[in-house]
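Now for the letters of each chain:
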Amino acid sequence: MAAASSLELDPPPGFLADRIALFDRLKSKYDAELASKTSQPIKVTLPDGRIMEGESWKSTPYDIACMISKGLADNCVVAKVNGDLWDLDRTFEGDATLELMKFDDKEGEQVFWHSSAHMLGEAMERHYGGCLCYGPPIKDGFFYDMHLSDRTVSQGDYDYLNTLVKKISKEKQPFVRLEMTKEDLLEMFKYNEFKCRIIRERVTTPTTTVYRCGPLIDLCRGPHVRHTGKVKAIEVTKNSSSLWEGKAEAESLQRIYGISFPDSKQLKEYKHFQAEAAKRDHRKIGRDQELFFFHELSPGSCFFFPKGAHIYNTLVDFIRTEYRVRGFQEVISPNIYNCKLFETSGHWGHYQKNIYHFDVEKETYGLKPMNCPGHCLMFGSRARSFRELPLRFADFGVLHRNEISGALSGLTRVRRFQQDDAHIFCTVEQIEEEMKGCFAFLKHVYGIFGFTFDLFLSTRPEAFLGDAAVWDRAEGQLKKSLTEFVGVEWKLNPGDGAFYGPKIDIILKDALRREHQCATIQLDFQLPDRFNLTYQGSGDDAEKRPVIIHRAILGSVERMIAVLTENYGGKWPFWLSPRQITVVPVSVPFNEYALKVAQRCKNEGFCAEADVDSDTMNKKVRNAQLAQFNYILVVGQKELENGTVNVRTRDNKVHGEFSLDDFVKRCKLLQSSRSVSDSLSD
């Protein structure tokens, strides 16, 4: 192996030549078969209804795009043929519908980043050797995992990798698709145990596809961009260690992340955005403002300092206040259950690996990862009447989920957390009204935070519980509710529902226009069946099944704190702030009055303190601004004599002199209104 400081291995890994030789032989055979196919005239229908003429096994989506506009063709990333993603240079097989997708389209973006991952994979093979594993597109870019037996990736490697990917881009290497048999695939990747595992365990059809760009040939469904030159701006962003398929007992891998765009201007904008996001990183602000921290002795479980606990409790109290108005009843349920409960609910079969479980007196017990099974026991603890419905149980109980260590990320992915979790037990006839209530609750809370949001309906997954007809009924109910709430603006997310029912995912957008999934609304016809839950109907003796609506607005309180921290950049609005008021005396003789003012503010329920240290007044004011106190009250002789305070803000806006009583009154109004503005105006 070449020295770590070399751009490329010299000689290159031996498997490259063997892999290319087999690919070239099979590709020649495929090209001959393609040439022998009889071409027929076909009609290609565009989204606007226009019909273009082409030939089967000869014409490609790129050809059709060129017939419309060469500029359009060259700006396209990928095609959709009969609803399926399709390489622009892959031939049509018959009459077809055609959509042309650019980088601006979500699916086009993911294809672009998938192709970029292959370019990174090629650079990694040329620089390290090693065995490539998975290399998918992700929400913001892409990564590639590699197994390296004799070295680790470091930031010092980034320049080499960036040089190689830029070289790969300039070479305009075409992405070439080839269908291969399982036997040929095992021969091609015999040097790479990880690819062989994928082929043996994941490939369930007689054939599948590989894609080639330059010397890289990779197992891949595709599709891809036409050639590597389409990726004009690409960079490595970070690296980390990972585990094969996320399994704790599996091999350790090296993961390299990257980002790419069709032009360099977009990359420059992305870097600026990332720099701003780094300033707002909740982990950094959490440390700087002494809100919370994590410790290796309890990974994935957050320690909240007093000021962080203030934010946490304020959010919970906010939701509790809304519960009283909206007819929810708070309950408390156990943390530990016999795992027979999770077998009844279906979670044991679908979710066992995420449940912390242990043996007690020859029985298996587990820490609850969710509240719904316990709430089902509470509903079923006695006979219920239709007069009790809807019954709205709310629970802030502590939950634990065994997330793999590599997935843990600050407050956004933890092992110990609490939710503003609620389960509404209702009749079928009450679903529509209850859904309206859920949407109104959501709109109110997110409006206070200043969030906008999008709604997605996630439908029946492949591994689902119950009868398909029941699922269809539930999905129909949610579609109706969504249409009435937002009209045509909601989106479908096929196959991403929970195993027990369809759900509505709420994707909020923060101040930097980043997306976060926090709230959820789920309709469940399955758990009432599994727990044999019933209520006495009206007018007859028949017992009926309730329906359950699973509902969370904040979602995980921990994750919401992360989102809010970054959304506000640590500048907390007054009602949430753990540092609302600090009092600064102009000199030592006024320390006593400063302490008296601070105590009055504390007595009124505010987070207040007085800075009576030996620093100068100007330094104290500056320190308070950096600490993000909402209001800085400066007091001296005049204020002492008049019983007033001189108010300024962390942004150095001077409000002037207020009587202490008037200031307290205005702060109370500000706190009760939960305004995102810190204006003291009446």
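Look up: the structure comes first, before these words.
How each quantity is defined
- Residues numbered from 1 in each chain as written.
- Predicted model: local features only at pLDDT ≥ 70, side-chain atom pairs only at ≥ 80, totals over all residues.
- Heavy atoms only, no water.
- 1 Å grid on protein atoms, 1.4 Å probe; cavity = no way out; pocket = protein on both sides within 12 Å on 5 of 7 lines; lining within 4 Å.
- Points joined across faces, edges and corners; volume = space filled by probe spheres on them.
- Helix = DSSP H or I, 4+ residues; strand = E, 2+ residues; numbered from the N terminus.
- Nonpolar A, V, L, I, M, F, W, Y, C, P; charged D, E, K, R; others polar.
- Salt bridge = Lys/Arg side-chain N within 4 Å of Asp/Glu carboxyl O.
- Buried < 20%, exposed > 50% of the residue type's maximum accessible area, 1.4 Å probe, protein only.
- Disulfide = S-S within 2.5 Å.
- Core = buried A, V, L, I, M, F, W, Y, C linked by side-chain atoms within 4.5 Å.
- Contact = heavy atoms within 4.5 Å.
- Expected span 1.5 Å × (residues − 1).
- Arc of directions from axis to C-beta.
- Pairing = 2+ DSSP bridges.
- Axes fitted to C-alpha atoms, helices over the stretch in contact; angles between N-to-C directions.
- Polar contact = N/O pair within 3.5 Å; in protein donor to acceptor, adjacent residues only side chain to side chain.

A word on empty space enclosed by the protein
Inspection of the entire model under this criterion finds 1 cavity of 30 Å³ or more. Empty space within the largest cavity amounts to approximately 30 Å³. Along its surface, the largest cavity is lined by Val470, Trp471, Ala474, Tyr500, Gly501, Pro502, Leu523, Asp524, Phe525 and Gln526. Those elements giving two or more residues to the lining of the largest cavity turn out to be α15 (468–486) and β26 (515–524). Tallying contributions element by element places α15 first for the lining of the largest cavity, with 3 residues. Classifying every residue of the lining of the largest cavity by side-chain character gives 7 nonpolar, 2 polar and 1 charged.

Brief notes about the pattern of salt bridges
Under the definition given, this model contains 52 salt bridges. Note that Asp157 and Arg151 form a salt bridge whose closest N and O atoms lie 3.3 Å from each other. Residue Asp157 is classed as buried on the basis of its relative accessible area, which comes to 5%. Between Asp529 and Arg545 there is a salt bridge whose closest N-O contact spans 2.6 Å. Placement of Asp529 in helix α16 (residues 526–530) and of Arg545 in the loop between β28 (543–544) and β29 (547–556) is noted, with a sequence separation of 16 residues between them.

What to know about the state of the cysteines
Scanning the model with the defined rule gives 0 disulfides in all. The closest cysteine sulfur to the non-disulfide-bonded Cys372 is located on Cys376, 6.5 Å from its own sulfur. Judged by relative accessible area, Cys372 falls into the buried class, the value being 4%.

Some points on the nonpolar core
Leu315, Val445, Tyr446, Phe449, Ile504, Met560 and Leu564 are the most contacted members of the largest nonpolar core, which has 56 residues in total. If one sorts the elements of this core by residue count, helix α14 (residues 431–449) sits on top with 10 residues. If near-sequence neighbours (up to four positions away) are discounted, Leu564 is found in contact with Leu315, Phe449, Phe451, Trp572 and Leu576. Within the second largest apolar cluster, 39 residues are counted, among which are Val77, Phe142, Leu216 and Leu267.

Digging into unusual backbone geometry
Across the junction of Asp10 and Pro11, the peptide omega takes the value 5 degrees, indicating a cis bond. Within the fold, Pro11 resides in the segment before α1 (14–36). Going from Gly222 to Pro223, the amide bond is cis rather than trans, its omega being -5 degrees. Along the polypeptide, Pro223 turns up in the loop between β11 (216–219) and β12 (233–243). Residues other than glycine seldom take positive phi values, yet Asn82 does so here, at roughly 55 degrees. For Asn82, the position within the fold is in the loop between β3 (78–81) and β4 (84–86). Here Arg674, not a glycine, exhibits a phi torsion of approximately 50 degrees, which is positive. Mapped onto the secondary structure, Arg674 falls in the segment after α21 (660–673).

As for helix α5 (residues 158–170)
Between the first and last C-alpha of α5 there are 18 Å, a value that for 13 residues agrees with the 18 Å anticipated at 1.5 Å per step. Within the sequence span of α5, burial applies to Tyr158, Leu161, Asn162, Leu164, Val165, Ile168 and Ser169. Buried residues of α5 fall within an arc of 165 degrees about the axis and therefore sit on the same side. Among the exposed residues of α5, those oriented more than 90 degrees off its buried face are Asp159 and Lys170. Next to the buried residues of α5 lie α4 (106–128), β12 and β13 (252–261). A positive backbone phi angle near 50 degrees is found at Lys172, which sits one or two residues after α5.

Topic: the sheet that holds β11
With antiparallel pairing, 3 strands are arranged side by side in an open sheet as β9-β10-β11. The sheet is open, and its two borders are formed by β9 (176–181) and β11, each paired with just one other strand. On average, each strand axis in the sheet is tilted by 30 degrees relative to the strand beside it, whichever way the strands run. With 6 bridges connecting them, β9 and strand β10 (residues 207–213) associate as antiparallel partners. Each residue of the ladder has a partner; that of Arg177, found in β10, is Tyr211. Sheet strands touched by α1: β9, β10 and β11. Its angle to β9, the strand with the most contacts, is close to 90 degrees. Relative to the sheet, α4 contacts β10 and β11, its axis offset from that of β11 by approximately 120 degrees.

Let's talk about the sheet that holds strand β19 (residues 363–367)
Strand order in the open sheet formed by 3 strands is β17-β19-β18, with antiparallel pairing between adjacent strands. Strands at the two margins of the open sheet, each flanked by one partner only, are β17 (336–338) and β18 (357–360). For this sheet, the mean angle separating the axes of adjacent strands, direction not counted, is 35 degrees. Strand direction decides the pairing type here: β18 and β19, joined by 4 bridges, are antiparallel. By the bridge assignment for β19, Asp359 is matched with Thr364.

Some details on the side chain of Arg151
Counting through the fold element by element, Arg151 comes out in the loop between β8 (141–147) and α5. A polar side-chain atom of Arg151 sits 3.3 Å from a polar atom in the side chain of Asp157.

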